[in-house]
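Coordinate analysis (summary)
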Amino acid sequence: MAQQENKLNRETFSCPICLDLLKDPVATTCGHSYCMNCIQNFWDGEDEKRIHSCPQCRQTFIPRPVLKKNTMLAALVEELKKTGLQAAPADHCYAGPEDVACDVCTGRKLKALKSCLACLASYCEKHLQPHHDVAPLKKHKLVEPSKKLQENICSRHDEVMKMFCRTDQQCICYLCSVDEHKGHDTVSAAAERTERQRELEVSRQNIQQRIQDREKDVKELQQEVEAINGSADKAVEDSEKIFTELIHLMEKRRSDVKQQVRSQQETEVSRVKELQEKLEQEITELKRKYAELEQLSHTEDHNQFLHNYPSLSRLSQSTDSSSINIRPLRDFEDVTAAVSELRDKLQDVLRDQRTNISLTDTEVHVSLSGPEPEPKTRAEFLKYSRELTLDPNTAYTQLLLSEGNRKVTCTDQHQSHSSHPDRFTDYCQVLSRQSLTGRCYWEVEWRGRGVNVAVTYKNISRAGRSDECRFGFNDKSWRLDCYTNSSEFYYTSVGTPISGPLSSRVGVYLDHSAGILSFYSVSETMTLLHRVQTTFTQPLYAGLYIHYESSAELCEVK
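Presented here is a report on the structure given in the accompanying data block. (Residues numbered from 1 in each chain as written. Predicted model: local features only at pLDDT ≥ 70, side-chain atom pairs only at ≥ 80, totals over all residues. Heavy atoms only, no water.)

Quick word on the packing of helix α7 (residues 189-297) against helix α8 (residues 302-313)
Relative to each other, α7 and α8 sit at 165 degrees, their axes nearing to 11 Å. Viewed along their axes, α7 and α8 adopt a mutual orientation that is roughly antiparallel. Relative to α8, α7 is oriented so that their crossing is left-handed. Only F305, N308, Y309, S311, L312 and S313 of α8 make contact with α7, whose side of the interface consists of K289, E292, L293 and L296. (Axes fitted to C-alpha atoms, helices over the stretch in contact; angles between N-to-C directions. Helix = DSSP H or I, 4+ residues; strand = E, 2+ residues; numbered from the N terminus. Parallel < 35°, antiparallel > 145°, perpendicular 65-115°, else oblique. Left-handed = near helix turned anticlockwise from the far one by under 90°. Contact = heavy atoms within 4.5 Å.)

Brief notes about unusual backbone geometry
Following I62, the chain continues into P63 via a peptide bond in cis, with omega recorded as -5 degrees. Structurally, the position occupied by P63 is in the loop between β4 (60-61) and α3 (71-82). Residues other than glycine seldom take positive phi values, yet N405 does so here, at roughly 65 degrees. Owing to a relative accessible area of 24%, N405 belongs among the partly exposed residues under this scheme. Despite not being glycine, S493 has its phi angle at roughly 70 degrees, a positive value. Along the chain, S493 turns up in the loop between β17 (487-491) and β18 (494-498). (Buried < 20%, exposed > 50% of the residue type's maximum accessible area, 1.4 Å probe, protein only.)

Regarding the packing of aromatic side chains
Counted by the stated rule, this structure contains 13 aromatic pairs. Seen from their ring centres, F424 and F471 are 5.7 Å apart, and the 80 degrees between their planes marks the pair as edge-to-face. Taken together, the residues F424 in the loop between β12 (407-410) and β13 (429-436) and F471 in the loop between β15 (450-457) and β16 (477-483) connect sequence positions 47 residues apart. Among the aromatic side chains, those forming a connected cluster through ring pairs are F381, Y384, Y441, Y509 and Y520. A cation over an aromatic ring shows up here: R465 above the ring of Y427, its NZ or CZ 4.8 Å from the ring centre. (Phe/Tyr/Trp six-rings, centres within 6.5 Å; stacked < 30°, edge-to-face > 60°. Lys NZ or Arg CZ within 6 Å of the ring centre and 35° of its normal.)

Considerations on the state of the cysteines
Within the structure shown, the criterion is met by zero disulfides. With no disulfide partner, C124 has as its closest neighbouring cysteine sulfur the one in C102, 3.7 Å distant. (Disulfide = S-S within 2.5 Å.)

This is the structure in structure tokens:
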């Protein structure tokens, strides 16, 4: 209760202008009290209008009142000061450089709570109170505090600009409409605001739609990034495995050659040492025989000489010199030559343009300006040509790959394919080794009863005879059936018959980011067979389904 009385006292004895305790209090004839300096300064600002008013109730005075200090009120305020009563607001209530200040406050101004479009002034909470209490002021339009209120005043007529000239596209006052803007297309500012508000709403909706479109683009680009990263990571992982296998194969071959050379070395050295020991034994025997004959030759007893000579003169059979086969070192030189030849062949393979590993064909094309126009002529299509090869690890067991894994033929014999999780187990299908993103074009030359030219995501099922494994019978693949007398397009098991000529060469154009897949019959001209417009969420792979006694080849196009 004491706090409420204290608050009441502060409000009762505070100046409505400075909001501090009254200093030299004076009272106007309308009954409101102010600091002498506060009300005098306020009226000084109204001298040009020659009409002075009460800042609270807006009652006007003509002429300017002469004010005298209210001694009783001054004494009462002094007594209140002695009790320690303070009425100054907190610092955070005062207006800073960036705030809109109250136009009524004198001295240090408080922050404005509202601006009045009728008064063209801004008010703090205290000075705004009359707009809530006084009936005429309640009709005024209050808005958020604004520093630009004076821009609503016509510089020519010093009137509030409540009209809009559509001819000159500017705000004007009423006097302008009958003066220099006479005859112009003028409306109230409120009416023009309503019209512009509708336009603003349309603009907002357009911007919102563009934001949604761009967010969709960002999402698609993120998916593209994830697809690129996934494809790149898979390529690195697979290439690391393949190179590791190659290294292991080379290490094994090196070990085999080394073992063979060492084994041959050991055999030859053993043979030579055995012959060497035999010869050394013969030499020892011959030396002993030579010494005995030497001794016999010096025997003076003729009878003794003749008696011993027959036994000493007989020599053991000598080793045949022809059995001593000193082989040349050409055998080992031939090994070195063979290894050198293998090295040269590997270098030639790695230098071959067909097997040279390059990332130039996997460039990702990203555009936010919409899909580029589809090529028209074969020359334009060939700008996006890709040299593709088939992946043996995906080929059905009755498919024979040849021509550097560019050609596939369906046979009646099972091929010696190793077991692999990527292999199609029940359909005569095979995938390309290379993934497809960006803008790509390739051609397929086919012969025989018929083939299916397809594109598919890599995660298509491989094992079994379900539709999940079959090109064109799920949501992961698209295929064009090519037969001698007919053609048909399949997606999610739905077939679409295709009219028009079908040559033995089919061109496939893919714009991955634009979601465009087109099949063409290629002869002297490019004839569109079928076009798909969709959204691709993963990199694609070229696929072929080969019917019995048929073949297809991924063409080298230039």
